[in-house]
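# Working through the structure, step by step
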Amino acid sequence: MPSRKIFVDACLGKETPYTPVWMMRQAGRYLPEYMAIRAEAGDFLNLCHNPKKACEVTLQPIDIVGVDAAILFSDILVVPDEMGMDLSFVKGEGPKFSDPIKTEADLDRLIGGDEAASKLSYVFETIKLIKKELSEDIALIGFTGSPWTLATYMIEGEGTKTYNICKKMIYTNPTLLHNILAKVTEVVKLYMEKQIQSGIDVVQIFDSWAAAIEPSMYDEFSWKYMLEIAEYLKEKYPHIPIIIFPKGIPSFLDKVYGNFDVFGVDWSTPMELAKEKLGDKYVLQGNMEPCRLYSKEMTTKSVQDIQEIMGTSRHIFNLGHGILPDVPVENAIHFVKECQRVSKK
Ligand code: CP3
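The structure reproduced in this document is the subject of the present report.

Here we come to the state of the cysteines. Scanning the entire structure with this criterion turns up 0 disulfides. Left unpaired, Cys 11 is separated from the closest cysteine sulfur, that of Cys 339, by 14 Å. Sulfur of Cys 291: no disulfide; nearest cysteine sulfur belongs to Cys 339 and is 16 Å away. By relative accessible area, which is 35% here, Cys 291 ends up partly exposed.

Core analysis: the largest hydrophobic core is formed by 127 residues, its most contacted members being Trp 22, Trp 223, Phe 260, Phe 263 and Phe 335. Look past the residues within four positions of Trp 223 in its chain and what remains in contact with it is Tyr 218, Ile 244, Pro 246, Phe 252, Val 256, Tyr 257, Phe 260 and Phe 263.

Further remarks concern the site of the ligand. Taken together, the neighbourhood of the ligand is formed by 23 residues, with Arg 25, Tyr 34, Arg 38, Ser 208 and His 321 sitting nearest. Contact between the ligand and Ala 27: an oxygen atom at 3.0 Å from a main-chain N or O atom of the residue. For the ligand, an oxygen atom lies 2.7 Å from a polar atom in the side chain of Arg 29. Protein burial of the ligand: of its 890 Å² of free accessible surface, 87% is covered by the chains. Classifying every residue of the shell around the ligand by side-chain character gives 15 nonpolar, 4 polar and 4 charged.

On the basis of which strands lie adjacent, the open sheet formed by 7 strands has the order S1-S4-S5-S6-S7-S8-S9 and parallel pairing. Each having just a single partner strand, strand S1 (69-71) and strand S9 (315-319) make up the two edges of the open sheet. When the angles between neighbouring strand axes are averaged without regard to direction, this sheet yields 25°. The sheet contact formed by strand S6 (residues 242-246) and strand S7 (residues 262-264) spans 2 bridges and is parallel. Each residue of the ladder has a partner; that of Ile 244, found in S7, is Phe 263.

Mapping Lys 131 onto the fold places it in helix H8 (residues 121-133). Lys 131 sits 70 residues away from Asp 201 along the chain, and the two C-alpha atoms are 10.0 Å apart. Residues contacting Lys 131, with those up to four places away along its chain left out, are Arg 4, Leu 140, Ser 198, Gly 199 and Asp 201.

Cut-offs applied
Numbers given for residues are sequential positions, taken from 1 along each chain in its written order. In keeping with the model being predicted, local features are shown solely for residues with a pLDDT of at least 70 and side-chain atom pairs are shown and tallied solely at 80 or more, while totals for entire chains, interfaces and linings include all residues. Working from all heavy atoms in the structure, the side-chain values ignore hydrogens and water. The term disulfide is used for any two cysteine sulfur atoms that are within 2.5 Å. Residue burial is assigned from relative accessible area. The probe radius is 1.4 Å, only protein chains are included, and a residue is buried under 20% of its type maximum, exposed over 50%, and partly exposed in between. Residues grouped as a nonpolar core are buried Ala, Val, Leu, Ile, Met, Phe, Trp, Tyr and Cys residues, joined through side-chain atoms within 4.5 Å. A contact between two residues is defined here by any heavy atoms of the two lying within 4.5 Å. By convention in this text, a residue qualifies as near a molecule or strand provided that one of its non-hydrogen atoms is within 4 Å of it. Between N or O atoms, a polar contact is any pair within 3.5 Å; within protein, one atom must be a potential hydrogen donor and the other a potential acceptor, and residues adjacent in sequence are included only when both atoms are from side chains. In short, Shrake-Rupley with a 1.4 Å probe defines the accessible areas, and a residue's cover is counted only from the protein chains shown. Residues are grouped as follows: Ala, Val, Leu, Ile, Met, Phe, Trp, Tyr, Cys and Pro are nonpolar; Asp, Glu, Lys and Arg are charged; every other residue, Gly included, is polar. Two strands qualify as a pair provided DSSP detects at least 2 bridges between them. Secondary structure elements are taken from DSSP: a helix is a run of H or I of four residues or more, a strand is a run of E of two residues or more, and numbering for both begins at the N terminus. For helices, the axis comes from a line fit to the C-alpha atoms of the stretch in contact; other axes are also lines fit to C-alpha atoms, and the angle between any two N-to-C directions lies between 0 and 180 degrees.

Put into structure tokens, the structure is as follows:
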């Protein structure tokens, strides 16, 4: 059976001969081959805008680390950028938007719906190129940020430790926040639909900053919007699996609901707990602490522990968040090999 089918089947919760593996941020600064292409492209955003180079970077980890699925090379922040928010990546400081949203008038100025989604044509071109170049055998994962995670950058203007500006909006101007989230959700629905039409096999929604919202308000300000996207896509494309990755919300596990396929377990949520609460309803993905990649022994131990917990339950091996730039490549390869070794059923 080709591994592409195994990957998609595993995400859909079907019986498969082994548990597939991929890594979040598998293309990135820990790979010298990535750094070489990144240097040629200059700016990180140039790389995202260049389908030929983005395709090359997407394919690199397949041969180098031997994962079962490729993840599209792009960034979650291209969506607000094309809505008109002027994104830049400042060296050493991460992403910045020059003019964050403060008022309804700021929001009204942003491009919405199909007009914004269509401006992401370079992403769709990248996907089409990847599908030509990628072995038929390998699945391609497309992705988006959740409306909440995207909104944190659109409101704060950059990454934040405290989320005070967007949290102030939760408590003092929830209507504006809902309007922002609704506008982003409309764009993301169409963006992901176009990614599917361009050829992706699996969708992942990253809610990286889920834990910034207090648990009693998480459904209202984040989960609900991700579900709206998942339900829109599932109705039209039921064969395309949807992975939802909300980082750091163990107290929400009891309340998880909706029509999607895979729940991405982050490294701070115990796999036992996720299995107990969600293992019957969803396929689980994860969840090795990415910093274990600094030690091969600690990696081996974690992979074995995860396999022991999951047993024959439906599972996709992955890290519990993104890989860091100073991880030795051979340790990343070791992680993939260990997953493959223990997952032979
Ligand atoms: O996983 C992959 O290999 C696919 C590519 C991918 C990137 N970003 C490339 C990237 C994916 C899936 C993302 C998602 C993303 N981007 C998220 C959600 C996932 C997560 O990690 O929680 C978030 C929050 C972003 C926003 C973002 N992009 C930040 C905060 C940064 C700066 C990070 C840093 O450490 O400086 C980026 C830049 C970015 N996106 C890089 C890569 C490879 C590094 C850019 C570079 O210097 O080459």
